[in-house]
Amino acid sequence: MLQSVCNPIGRRLVNRLGIVRRCCYSTVPSQQHSRQQQQQTAATDSVPDDVTVLSKPVHQRSAQRKPFVKSLFLGVVDQELLTFPESLDREEQARLEKDRATISEMLATDEAKPGASSIGLFGLQGPLAHGGRQFTETEYAYVSELVADDHGKALLALEHNAIVQLITRHCSDTIKDTLLRQLCSGELVAAAALFETVCSRDSMFSTVAERDFASRKWLLNGSKVLIRHGATPHLLAVVASTKTVEKMNAVDNAMATFLVDTRTPGVEISDVQIGLQGIELVTVHFRQVEVSEDHVIGSESGGTQVLTQFLSSVRVQSSVVQVTLLRRILNALTSFCINTQTTSGNIKDIEVVREQLARMACTIYAAESLIYMTTSLMDDFENQDVDVEAAITKVFSAEQLVQFATLPLKLLGPHALASDSSFDSLLSDALKLYVGIESLDSVKFFIALAGLQYTGMQTYEVIKKDRNPAMNPSHVLSKLFEKTSIANPKKFADLQQFFHPSLDPAAHWIEYSIVRLKLATECVLSRHGAEVIDRHVELARLANIATMIYAMIASASRASRSYCIGLRHADQEIHLANMFGMEMSEKVRLLALELEKGPFISNDDNYNIVARNLFREKSYFYEHPITRNF
């Protein structure tokens, strides 16, 4: 299964795929920051209703920058992006606070209870001309925190809004006029049909679209699987293959995204309960479904771009829901520990309890920082490459959610499942969110492969020499005398100057970790070359390193901003960011050393042997501990 997921992502999908340093002592603002300062000076906290509703200005974006996390694989840091972004100017912030208050009031009324459409959640990212609110990703993330407790409604709305954005960007005016107003009002509910249970060897997806040139339509055949979040969708964004493997080449795309009405002849929807208290796995069958050419999102050759934009938005916004649940679990645990005593004293005085709650607080802080740093990259720069950053945000939030959702069971035992406890329902909600509609392992493979491909394009000649040492003796000698290594990395950029001086420890650990990521990347590419796509364990390690480094940077950057502008509890944020950086840097060091050792010195190859024996015997085959043979 992992092989079938990884191969198309690695070989084809990956192949197509002005923030300033604003510390207290920064003296050279960028053009983006200068614009924000001017707007903040001119703006007031009072925003007229007619501006808010009818003529909201378009969010200004700067020119595209090089991808941030992908560059880290090369050991290159975009220093302009190290300062935590302030994506919204004062006028935008005031308008957003007003919109958030309005939606919060609506949520509190009885009129808002029947469904999300009654409060306009389905139109938050739609264009103003069609009844939407034209929210940026940062604005939407901030407002969606209000409904994140109802994760079914939140996930339905964020997926719907992502599709609305795709239609706004890529479809014709005719399609926009036909669909957008109904989508923004909630008359039509949209969902994505991306994932499949059956893999095809002949095409990227088992769902295939064939063009009928005579009728100028596409014929869609196949099946898709999606999780229904409380409502049956009326409109599906279906990703399908348009070419077989034999006809694929490096230039053309082999997929496209189609808008399909679920009432179209040939579309059949079946519901299957998969447990976890009501999650519904929906299977949609397409049998000779006719789709007109104007219902292709973008174009036949733009399928990868459309899919990347959709996944980036959904991954980041779903992380908001997961982090909100993490906060609920932490708050419930904190309250329980404060108000509960044992025979030996208060639970809050037990050291192991304090340690676990502190780790959870660090995780939530890092996840929040990742979300809003990534949304700012998406909002503030034109066509910014943020697919890896969005994937990291999703992986970090989902993995930490499951890890800490079981914390009440470990700390409290049977008390966590008592009838008067909320921990049982919180654990169930966490499992529902973790199930999702994509494998986290496949997302990790994408992170690693995207970084490796970006590195390979930049360092092709160096890698070629590493892989052929006999023909490049001088290159080998130069590598032997390098002064930096994974065990003893050397600083290269003095990153501490981009953070508040209180964060010097975190800056040092970030810099060492970036060096280790670069060296580990070179080591993996030199060892395996193009075959690295099949080294899943090493890819996962590399993805984990990149994830930790991005989380470290986001946390330190946020803490630095908080201290510089004088936010409440900023001194505690500094302490938290330094603590998080120290722990993550040690994990990065260990992972990088394992990558340097290789599969034969580490246990990777031994695990492969055990697994092959298990498959050969078709079950656990070891003899019982008390078995005798004499």
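Just so it is clear, the model here is predicted, and its values are computed rather than measured.

### Regarding the packing of helix 14 (residues 440-458) against helix 18 (residues 536-565)
Logical step 1: For the pair helix 14 and helix 18, interaxial distance at closest approach is 8 Å and the crossing angle is 80°. Put simply, helix 14 runs roughly perpendicular to helix 18. Across the interface between the two elements, K444, F445, I447, A448, L449 and L452 from helix 14 touch H536, L539, L542, A543, N544, A546 and T547 from helix 18.

### Focus: the confidence of the model for the chain
Logical step 1: Of all residues in the chain, 87% attain a pLDDT of 70 or more, and the chain-wide mean is 85.
Logical step 2: Below pLDDT 50 for its whole length, residues 1-52 participates in 125 contacts with residues either more than four positions away or in separate chains.
Logical step 3: In the predicted structure, residues 114-118 sits below a pLDDT of 50 and forms nine contacts with residues beyond four places in sequence or in another chain.

### Points about the pairing of strand 3 (residues 217-228)
Logical step 1: Bridge count between strand 2 (residues 208-212) and strand 3: five bridges; the pairing is antiparallel. Within strand 3, the position partnered with R211 by the bridge is W218.
Logical step 2: Where strand 2 folds back on strand 3, the antiparallel hairpin that results is connected by four residues, among which R216 adopts a positive phi of roughly 60°.

### Overview of the packing of aromatic side chains
Logical step 1: With the rule as written, the count across this model stands at six aromatic pairs.
Logical step 2: Each ring, one from F396 and one from F580, has its centre 6.5 Å from the other, and the planes form 80°; the classification is edge-to-face. Of this pair, F396 sits in helix 11 (residues 387-405) while F580 sits in helix 19 (residues 570-597), and the two are 184 residues apart along the sequence. One exposure class covers both F396 and F580, and it is buried.
Logical step 3: Centroid distance Y620 to Y622: 5.2 Å. Interplanar angle 65°. Geometry classified as edge-to-face.
Logical step 4: It is R100 that lies over the ring of Y142; its NZ or CZ is 4.3 Å from the centre.
Logical step 5: Above the face of the Y365 ring, R558 is positioned so that its terminal group lies 4.0 Å from the ring centre.

### Overview of the environment of L595
Logical step 1: Note on placement: L595 falls in helix 19.
Logical step 2: Taking the relative accessible area as the measure of exposure, L595 reaches 0% and is therefore buried.
Logical step 3: Residues L595 and L542, spaced 53 residues apart in sequence, show a C-alpha to C-alpha distance of 8.1 Å.
Logical step 4: With sequence-adjacent residues up to four places away left out, L595 is seen in contact with A520, C523, V524, R527, E538, R541, L542 and I545.

Conventions adopted
Residues numbered from 1 in each chain as written. Predicted model: local features only at pLDDT ≥ 70, side-chain atom pairs only at ≥ 80, totals over all residues. Heavy atoms only, no water. Axes fitted to C-alpha atoms, helices over the stretch in contact; angles between N-to-C directions. Helix = DSSP H or I, 4+ residues; strand = E, 2+ residues; numbered from the N terminus. Parallel < 35°, antiparallel > 145°, perpendicular 65-115°, else oblique. Contact = heavy atoms within 4.5 Å. pLDDT = per-residue confidence, 0-100. Pairing = 2+ DSSP bridges. Phe/Tyr/Trp six-rings, centres within 6.5 Å; stacked < 30°, edge-to-face > 60°. Buried < 20%, exposed > 50% of the residue type's maximum accessible area, 1.4 Å probe, protein only. Lys NZ or Arg CZ within 6 Å of the ring centre and 35° of its normal.

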